[in-house]
Amino acid sequence: MKPVISVRFLFACLTALALQYAHAQPKLLTLLPSKQTGIHFSNQISESEGLNVLAYEYFFNGAGVAVGDLNNDGLQDIFFTANMKSNALYQNMGTLTFKDVTAQAGASLEGRPGHWKTGVTMADINNDGLLDIYVCYSGKGEPDTRRNELFINLGNMKFKEAAKEYGLDDPSYSTQAAFFDYDLDGDLDMFLLNHSTKKVDNLEFAKFRNQVDEFAGCKIYENDGKYFHDVSSAVGISRSALTFGLGVVVADINLDGWPDLYVTNDYNEPDHLYINNKNRGFIDKSDAALSHMSQFSMGADIADYNNDGLPDIMTLDMLPEDNKRQKLLQLQENYEIFELMQQQGLHKQYMRNMLHLNNGDGTFSEIAQLAGVSNTDWSWTPLFADLDNDGFKDLFITNGYLRDYTNKDFLKYWGDYKVKKAIEREPVQLMDLIKAMPSTKIPNYIFKNTRDLSFENKQIEWGTDQPAISSGAVYADLDNDGDLELIVNNINEEAFIYQNNTQETKTQHYLDVQLLHPNKNPVIGTRVKLYSKGNIQMQELNPNRGYLSAVTIRLHFGLGKETQVDSIHIFWPGDSLYYSSFYKISADQLLSITHNPQPTTQNSLQGQGTRDEGRGNREKGKGNREEETRNMIPLL
């Protein structure tokens, strides 16, 4: 009798062989050991009876990371925040090695001992050509323990704390700050993302939405050139006690030359899509623009991921990928609560990631399930970036929560424990409950853009399959070889530094673009469109994206096999018709462009290419673009 091989057995063998082959192939990314990089930073969290996730619900939300060239030596330096321990500043020494210079750069950079640090960003606050560092604070302490810190760059990797001097020592429950020129007066203003610590009954949503909370509500600080003034009450943003802000991204969403905002909210308060009204204020267009959104929105990113010249929006939530964890964890969607939210005027929200595809007419189509990126577990940072230099932006997502707070077995144990203690007339010991929570590490997700609006999971093939509890993350070309490294801040584990091997293993080309004022500070809010052999790429210079973090101010464009860019068109901030164009630019270089705001004065270009400047209509969606197209035809 001949042996019979079952289809199931054959499939299992083929799957095993495929996985073995994937593991054997060279990885796109290599996780570098800390002994090699010199980066030993770890966001260490210590639980106690008085400070834990049951006492402070955002205890496991993690910390941020910012990257930028702090000493203008051409290398990207890294700053990590730590919730409970000391922050750390690492100077890039070249060849992917770093030196901890926190102590000599300024003792206060470590942060106030014992107080809760959250997000970090880099921006040239005082327009001196040097990037400064802004660190946010939160936690359950008194207001003075939560005052945010601003470290002014003095040059030569020295910093001075000056938040009060600039009016930015805000004592809110702060998550992150984003610096941008919201009124286009030539200096950077600040949006401060905050969160509440209060629980609101489901029947009282409408009541609390209209109440201002001075510590929970988001804020906007306007820069008068020397000092920042709180103008939050006059700019049309929500400042209610329902605010649980976790993510903010700045982008020119409607392509009118003015910076807009997307703000994510945890729990029941919907996300906000704030469109700049060009009169020192914003209008929330989320109801009209979005059909639905994430319910427990965390980090966010905005980028043109399908290369149609329009910015798309990605937000993260906490829906697991596999059926087991979906059944093991308590999902928060409930029909009665959903209907109650609708009755109280709250937008439709569902517990999963959302990918909002820009339709070009002021509306978006939500396609995360179609794109294959809707379920990535308890996720924090989404980052669109071209990691393999093929000309299309890929997607990196961090995830992880130190303990499974919503585990159904734990929730049952919690209820039984409280009943038992009540019967025995004994106090509840929070650490008894904390220790009963399981802890699960899950690898971060990385997706390749398949150029058909969807993505393919590449965790194994690209080398990000290490389980961890990750939060803030950024990308930057740390070794100046033309591909993007990834930097990840982890809880209770050393930070991840992923070296990108694209330029070592493939013949791919790239172009980096640096946009500067004459005094060498970056022109935040500039939009760049790149044309190459009929393909279009668009990016904006707004480094605050993802979660608690800020990416490099260099714009990175992958070019695939192309060795020359047909044209680049630079739309400087503002709704004037002025833009700059450059033609026939060689690949594999850093193109540094210095902007002079006077239309009669030509901008300077450092790099290989030819220049042209002119006037043309800005995009107004997919409507009438005839005149703009005539001005923007690439020179072939």
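Notes on the structure in this doc start here. (Residues numbered from 1 in each chain as written. Predicted model: local features only at pLDDT ≥ 70, side-chain atom pairs only at ≥ 80, totals over all residues. Heavy atoms only, no water.)

## Digging into the overall build of the protein chain
Which entries qualify depends on this criterion: Segments assigned H or I by DSSP are reported as helices when at least four residues long, segments assigned E as strands when at least two residues long, and all are numbered from the N terminus. Classification of residues uses two cut-offs on accessible area relative to the type maximum, computed with a 1.4 Å probe and protein chains only: under 20% is buried, over 50% is exposed, and between them is partly exposed. Any two residues whose heavy atoms approach within 4.5 Å at even a single point are treated as in contact. Each accessible area value is a Shrake-Rupley result obtained with a 1.4 Å probe; residue values ignore everything except the protein chains displayed when judging cover.
The secondary structure content of the protein chain amounts to 14 helices and 41 strands. When each of the 636 residues of the protein chain is scored for burial, the buried share is 61%. Taking the intrachain contacts of the protein chain between residues at least 6 apart in sequence as the baseline, contacts between residues at least 24 apart amount to 62%. Carbon together with sulfur atoms contributes 52% to the accessible area of the protein chain, which is approximately 24,700 Å² in total.

## With respect to the pairing of strand E6 (residues 116-123)
Worth spelling out the cut-off: Here, a strand pair is defined by DSSP locating no fewer than two bridges between the strands.
Summarising burial for E6: eight of the eight residues are buried, a large majority. The pairing of E6 with strand E7 (residues 132-138) spans six bridges and is classified as antiparallel. Along E7, the bridge assignment pairs valine 120 with valine 135.

## Quick notes on helix H8 (residues 335-343)
Structural remark: α-helix, 3.6 residues per turn; residues separated by three or four positions point the same way. How we decide: Throughout, the arc means that of the directions going from the helix axis to the C-beta atoms.
If you check which residues of H8 are buried, you get Phe338, Leu340 and Met341. Down the axis of H8, the sector holding all buried residues measures 160°, keeping them to one side. Among the exposed residues of H8, those pointing more than 90 degrees away from its buried face are Tyr335, Glu336 and Gln343. Considering only its buried residues, H8 is in contact with helix H5 (205-209) and strand E21 (349-350). The positive-phi residue at the C-terminal boundary of H8 is glycine 345, with phi of around 80°.

## Comments concerning the sheet that holds strand E22 (residues 354-358)
Either a parallel or an antiparallel arrangement is found when strands of a sheet pair, and the pairing is made through backbone hydrogen bonds. What counts is decided by this rule: All axes are obtained by fitting lines to C-alpha atoms, using only the stretch in contact for helices, and the reported angles, taken between N-to-C directions, cover 0 to 180 degrees.
Taken in spatial order, the four strands make up an open sheet running E19-E20-E22-E23, and their pairing is antiparallel. Strands at the two margins of the open sheet, each flanked by one partner only, are strand E19 (300-303) and strand E23 (364-366). Each adjacent strand pair in this sheet contributes to an overall mean axis angle of 20°, direction not counted. Examined bridge by bridge, strand E20 (residues 312-315) and E22 share three bridges and lie antiparallel to one another. Within E22, the residue paired with methionine 314 across the bridge is leucine 355.

## Overview of the side chain of serine 138
Rules: By the criterion applied in these results, polar contacts are pairs of N or O atoms within 3.5 Å in which, for protein atoms, one can donate a hydrogen and the other can accept it, and in which residues neighboring in sequence qualify only through two side-chain atoms.
By the element assignment, serine 138 lies in strand E7. Residue classification places serine 138 among the buried residues on the basis of a relative accessible area of 3%. In this structure the side chain of serine 138 is engaged in a polar contact, spanning 2.7 Å, whose partner is the side chain of histidine 195. In this structure, serine 138 is in contact with Tyr56, Trp116, Thr118, Arg146, Tyr173, Ser174 and His195, ignoring residues within four places of it in sequence.

## Details of the nonpolar core
Here is the rule we go by: We call a set of buried Ala, Val, Leu, Ile, Met, Phe, Trp, Tyr and Cys residues a nonpolar core when their side-chain atoms join them within 4.5 Å.
Within the largest apolar cluster, 39 residues are counted, with the highest numbers of intra-cluster contacts made by Leu168, Phe179, Leu511, Leu515 and Ile568. Beyond its immediate chain neighbours, meaning those up to four positions away, leucine 168 contacts Tyr134, Asn148, Leu150, Ala163, Phe179, Met190, Tyr221 and Phe228. Of all hydrophobic cores here, the second largest spans 35 residues; its members include Leu28, Val67, Ile78 and Phe80.

## What to know about the sheet that holds strand E8 (residues 149-155)
Strand order in the open sheet formed by four strands is E6-E7-E8-E9, and the pairing between neighbours is antiparallel. Edge positions in the sheet fall to E6 and strand E9 (158-161), since each has one partner strand and no second. The sheet shows a mean angle of 25° between the axes of neighbouring strands, direction not considered. Of the strand pairs in this sheet, E7 and E8 are connected by three bridges, and their pairing is antiparallel. Within E8, the position partnered with isoleucine 133 by the bridge is phenylalanine 151.

## Side note on unusual backbone geometry
Excluding glycine, residues mostly have negative phi values, and the peptide bonds linking residues are mostly trans. A positive phi angle is found at asparagine 156, which is not glycine, with a value near 55°. Here asparagine 156 lies in the loop between E8 and E9. One non-glycine residue, leucine 453, adopts positive backbone phi at about 80°. Mapped onto the secondary structure, leucine 453 falls in the loop between strand E27 (445-449) and strand E28 (455-457). Using a relative accessible area of 28% as the deciding quantity, one classes leucine 453 as partly exposed.

## Points about the pattern of salt bridges
Filter applied, for reference: We count a salt bridge whenever a side-chain nitrogen from Lys or Arg sits within 4 Å of a carboxyl oxygen from Asp or Glu.
Within this structure, the stated rule accounts for 20 salt bridges. Lysine 458 is the salt-bridge partner of glutamate 456, the closest N and O atoms lying 3.6 Å from each other. On the basis of relative accessible area, glutamate 456 is assigned to the partly exposed category, the value being 38%. The salt bridge partner of lysine 533 is aspartate 566, with a shortest N-O separation of 4.0 Å. Taken together, the positions of lysine 533 in the loop between strand E34 (527-532) and strand E35 (535-540) and aspartate 566 in strand E37 (residues 564-571) put the pair 33 residues apart, joining distant regions of the chain. Judged by relative accessible area, which is 4%, aspartate 566 ranks as buried.

## A closer look at the packing of aromatic side chains
Short version of the rule: Each aromatic pair joins two rings of Phe, Tyr and Trp (for Trp, the six-membered one) with centres within 6.5 Å, and gets the label stacked for planes under 30 degrees apart, edge-to-face for over 60, and tilted for any other angle.
Summed over the entire model, instances satisfying the criterion amount to 25 aromatic pairs. Geometrically, the ring pair formed by phenylalanine 179 and phenylalanine 228 is edge-to-face, given 6.4 Å between the ring centres and 80° between the ring planes. You can see phenylalanine 179 sitting in strand E10 (residues 174-180) and its partner phenylalanine 228 sitting in strand E13 (residues 228-230), a full 49 residues away along the chain. You'll find phenylalanine 179 and phenylalanine 228 in the same group, each marked buried.

## Concerning the environment of threonine 315
Residue placement: threonine 315 occurs in strand E20. With 18 residues separating them in the primary sequence, threonine 315 and serine 297 have C-alpha atoms 6.2 Å apart. Beyond its immediate stretch of four places on either side in the chain, threonine 315 contacts Tyr262, Thr264, Asp271, Ser294, Gly299, Ala300, Asn353 and Met354. One polar contact links threonine 315 to serine 294, side chain to side chain, over a distance of 2.9 Å.

## Regarding the pairing of strand E14 (residues 245-251)
With seven of its seven residues buried, E14 lies for the most part within the structure. Here six bridges tie E14 to strand E15 (residues 260-265), and the two strands are oriented antiparallel to one another. The partner of alanine 251 across the bridge, within E15, is aspartate 260.

## Comments concerning the environment of proline 573
In this fold, proline 573 is placed in the loop between E37 and strand E38 (578-586). Sequence separation between proline 573 and aspartate 252 is 321 residues, and the spatial gap between their C-alpha atoms is 9.4 Å. Apart from residues lying up to four places away in sequence, proline 573 is in contact with Leu184, Gly257, Val523, Ile524, Gly525 and Thr526.

## Section: the environment of methionine 84
Structurally, methionine 84 is set in the loop between strand E3 (77-80) and strand E4 (88-94). Look at methionine 84 and you get partly exposed, because its relative accessible area is 22%. For the pair methionine 84 and serine 46, spaced 38 residues apart in sequence, the C-alpha to C-alpha distance is 7.9 Å. Contacts of methionine 84, omitting those with residues within four sequence positions, involve Asn43, Gln44, Ile45, Ser46, Leu51, Phe59, Gly114, Trp116 and Lys117.

Note that every value here comes from positions in space, so none of it alone points to a role or purpose.
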